[in-house]
Structure formats: C-alpha cells, structure tokens
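Inside the fold
Listed below, chain by chain, are the residues.
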Amino acid sequence: MNLQKYARQTSLKAIGMEGQKKLLEKTILIVGLGGTGSAAADLFSRLGVKKLIMIDRDRIEDTNIHRQILYNYSDIGSFKAETAANKVMEINPDIEVEFHNNTFDSSKINLIENADLVYDGTDNMTTRFIINDACNKFNKPWVFTSANEFYGEVKGIMPGKTSCYACYNKKPEHMPSCAVTGVINTLPVNISTFAVNIGMKIMLGENINGDLYFIDVYDIDMHPIKINKNPECRSCSKRKYDYLTPYYSNMGKSILS
Ligand SMILES: [Zn+2]
C-alpha cells in the first residue's frame, strides 16, 4: 500500500512510519453513527486504519444534519450505518467497511470480539453497560463519549489498566436525550476529536490515564476527573457480566431510551 498519503502523520514523531503501519492493522467498531460517531468515522477513515465496522439502527433525519457532519440533506431517510459506510469508502477507498443497520445489543457482542478498539457513539447508558461488559470480557479497549447541550464527556477505558464504566456508574439511568435538551453543533465534533485521539494512542500501544474529561464548549473549558478503579466493580473486578445476558439481546428502542 502507498503510504504517501499519510505523509503528514508519518512525519510526526509520535506516529512515524511504524505507527502508521500499526494503525493500518486495526479494526474499529463504532457503535452509534450520530453526532460523535459519524465524526469519528470520518476522522478514523482519514487517519488510516484497516477496517471500520459500523452499527446503528436509525435513519438520518433533517434534525440530525446540523451536527452529524458526515451526512447531507440528500441522505435524509437513509440508514446512518449504511450511509456512513458509503462516505468512508469515498474518503479512503483503502479501508474495509462493514455496516449493520441494526440495534447494538448483547446479541451483537461478536462485533466487539472482532475489533481492536470500540468507539461509543451511543446516547444511552444501557448500551454503554453492554459495551463495557463485552470489552471487559474480551479484553478490548474502548472510548466512551457523550454530548448534550454544550457539554460532553470522553473517557478511554483499557481493561486491566484503567477504571471501567461500571467502576463509577452503578446502573443505567434515564437521561434526557438531545432531542429534549438540545445540542450545539460544534459539540459532537469537539468531543469526537479528543476521543479519536485517545483511540489512536491506544492503537499505537501507548498507555492512557483513564481520566474522564469534562468538556464545556460554551465557556471553553476542559478538565480531567480522576476515576479510580473500583475494587468492588461487578464488571472489571468481579467479572460478572450482567449486561451480556439474553435479557439485553433483541432490545427495542423503548428499553434503550
Ligand atoms: Zn470497573
């Protein structure tokens, strides 16, 4: 493969030719192709990886376009995952793509088993608990993102090295979606750039600190919150994977929202 197109990255000390080759061996699963997930698909495809697997059950709506930068008005009505796959192939034809126009639930954790990194672009805690349990089970790193109003959160999670999502969240809570709270269009792009950077460092083999970064794009503020490993954590410490049970398979929108 011609690596010339990655010249502006391979000239970076932190990446180099060796790092770029590492990235080009990686498969990333993106769960949720909304605001942060679609921007991440764009960035990962330009970064240069081996394969992107994308899953989302939703179709593109006119209210998505202001912040979901991978899509245009002509895409309204099409499936997000399928549309994202087509866009990625246009951005970087060397990348393999796989898409699923479907809900991610505990019946789909084989997708995590087949990935080197998982990117959370979802908008609900239940799906994040499923991702967290599956990543702990299969020892896969993942990056959590959330974006609402003017505020977002990002955290990298490496099983066995950092705290996990269940270390500081006990159970899924209903959170008002951005359909209720609103969301500014610059937020998902901001959040995804930090999250993709964390994912890139993980893929390059570097350690991350596992801090939860709180980002406020209105007052331009970002600060890390230390999240320690919880020795009582049911997922990463006790290895009880409650969210991988059949109850969490075949999940409809009503359970997830
Ligand atoms: Zn944990």
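Look above for the structure.
A brief structural summary.

By the alternation rule, side chains of strand β4 (residues 117-120) split into Leu 117 and Tyr 119 and Val 118 and Asp 120, which are all buried. Where strand β1 (residues 27-31) meets β4, 4 bridges bridge the pair, whose relative direction is parallel. Across the sheet, residue Ile 30 finds its bridge partner in β4, namely Tyr 119. Note on the crossover from β4 through helix α6 (residues 125-138) to strand β5 (residues 142-148): the handedness is right-handed.

So, about the sheet that holds β5. Ordered by their spatial adjacency, 8 strands build an open sheet running β3-β2-β1-β4-β5-β6-β7-β8, and the pairing between neighbours is mixed. Whereas interior strands pair on both sides, the edge strands pair on one side only; in this sheet they are β3 (96-100) and β8 (221-225). Strand-to-strand twist in this sheet, taken as the mean axis angle between neighbours without regard to direction, amounts to 15°. Bridge analysis of β5 against strand β6 (residues 151-157) gives 7 bridges, and the strand direction is antiparallel. Along β6, the bridge assignment pairs Ala 147 with Gly 152. The sheet strands contacting helix α3 (residues 35-47) are β1, β2 (51-55), β4 and β5, and the helix crosses β4 at an angle near 145°.

We now examine the coordination of the zinc ion. Within the protein, Cys 164 (SG), Cys 167 (SG), Cys 233 (SG) and Cys 236 (SG) serve as the donor atoms for the zinc ion, at 2.2 to 2.3 Å. Taken together, the 4 donor atoms surrounding the zinc ion define angles of 97 to 120° at the centre, an arrangement classified as tetrahedral. Counting along the primary sequence, the residues that act as donors to the zinc ion give the motif C-x2-C-x65-C-x2-C. In this structure, Cys 233 and Cys 236 share a single accessibility class: buried.

A few words on helix α8 (residues 186-203). When the terminal C-alpha atoms of α8 are compared, their 26 Å separation across 18 residues agrees well with the 26 Å that a helix rising 1.5 Å per residue should span. Those residues of α8 not exposed but buried are Leu 187, Pro 188, Ile 191, Ser 192, Ala 195, Val 196, Ile 198, Gly 199, Met 200, Ile 202 and Met 203. The first or second residue beyond α8 is Gly 205, which carries a positive phi of 90°.

The next subject is α3. A rise of 1.5 Å per residue sets the reference length of α3, with its 13 residues, at 18 Å; its end C-alpha atoms lie 18 Å apart and thus fit the reference within 8%. Most of α3 sits inside the fold, with 11 of its 13 residues counted as buried. Turning to α3, its buried residues number three or more, namely Gly 35, Thr 36, Gly 37, Ser 38, Ala 39, Ala 40, Ala 41, Asp 42, Phe 44, Ser 45 and Leu 47. Phi turns positive one or two residues past the end of α3, at Gly 48, with a value near 95°.

Taken across its 5 residues, β2 has 5 buried, putting it largely inside the fold. Because side chains alternate across β2, one face comprises the buried residues Lys 51, Ile 53 and Ile 55, and the other comprises Leu 52 and Met 54, equally buried. Examined bridge by bridge, β1 and β2 share 5 bridges and lie parallel to one another. Counted as the bridge partner of Ile 28 is Leu 52 from β2.

The subject of this paragraph is the environment of Pro 246. Checked against the element boundaries, Pro 246 lands in the loop between β8 and α9 (253-256). Measuring from C-alpha to C-alpha, the distance between Pro 246 and Leu 204 comes to 35 Å, with 42 residues separating the pair along the chain.

All right, on to the packing of aromatic side chains then. Per the counting criterion, the structure on display carries 11 aromatic pairs. An angle of 15° between the planes, with centres 6.1 Å apart, marks the rings of Tyr 151 and Phe 214 as stacked. Taken together, the residues span a long stretch of sequence, with Tyr 151 in strand β6 and Phe 214 in strand β7 (residues 212-216) at a distance of 63 residues. A relative accessible area of 35% means that Tyr 151 is categorised as partly exposed. The interplanar angle of 75° and the centroid separation of 5.8 Å between the aromatic rings of Tyr 165 and Tyr 168 together place this pair among those described as edge-to-face. When its relative accessible area of 3% is taken as the criterion, Tyr 165 is described as buried. Tyr 168 sits in the partly exposed class, given a relative accessible area of 26%. Taken together, the ring pairs connect Phe 129, Trp 142, Phe 144, Tyr 165, Tyr 168, Tyr 243, Tyr 247 and Tyr 248 into an aromatic cluster.

Moving on, we get to the nonpolar core. One finds Ile 28, Ile 30, Phe 44, Leu 52, Met 54 and Met 203 to be the most contacted residues of the largest nonpolar core, which totals 38 residues. Looking at which element gives the most residues to this core, the answer is α8, with 8 residues. In contact with Phe 44, not counting residues within four places along its chain, are Ile 28, Ile 30, Val 49, Leu 52, Ile 95, Leu 117, Tyr 119, Val 196 and Met 203. Leu 29, Ile 131, Ile 227 and Met 251 belong to the second-largest nonpolar core, a separate cluster that totals 32 residues.

Analysis parameters
- Each chain has its residues counted from 1, running along the sequence as written.
- Two thresholds apply to this predicted model, a pLDDT of at least 70 for residue-level local features and 80 or more for giving and counting side-chain atom pairs, whereas whole-chain, interface and lining totals are computed over all residues.
- With hydrogens and water set aside, each side-chain value is computed from the structure's full complement of heavy atoms.
- The cut-offs for exposure are 20% and 50% of the maximum accessible area for each residue type, with area from a 1.4 Å probe on protein chains only; residues under the lower value are buried, those over the upper are exposed, and the others partly exposed.
- Where helices and strands are cited, they refer to DSSP runs of H or I of at least four residues and of E of at least two residues respectively, numbered from the N terminus.
- Paired strands, as defined in this entry, are two strands with at least two bridges between them according to DSSP.
- The path from the first strand over the helix to the second decides the hand: if it runs clockwise while the strands point away from the viewer, the crossover is right-handed.
- Note on method: axes are straight lines fitted to C-alpha atoms, helices fitted across the in-contact stretch only, with angles between N-to-C directions ranging 0 to 180 degrees.
- We call two residues contacting when some pair of their heavy atoms lies within 4.5 Å.
- A donor here means an N, O or S atom no more than 2.8 Å from the metal, or no more than 3.2 Å when the metal is Na, K or Ca. Since water is not included, a site may seem to lack partners.
- For four-coordinate sites, all angles between 85 and 135 degrees define a tetrahedron; for four- and six-coordinate sites, opposite donors beyond 155 degrees with the remaining angles between 65 and 115 define square planar and octahedral shapes respectively, and all other cases count as irregular.
- For a helix, the expected span equals 1.5 Å multiplied by the number of residues minus one.
- Working definition: a ring pair exists when centres of Phe, Tyr or Trp rings (six-membered ring for Trp) sit within 6.5 Å. Plane angles under 30 degrees give stacked, over 60 give edge-to-face, the rest tilted.
- Residues enter a nonpolar core if they are buried and are Ala, Val, Leu, Ile, Met, Phe, Trp, Tyr or Cys, with the set joined through side-chain atoms within 4.5 Å.

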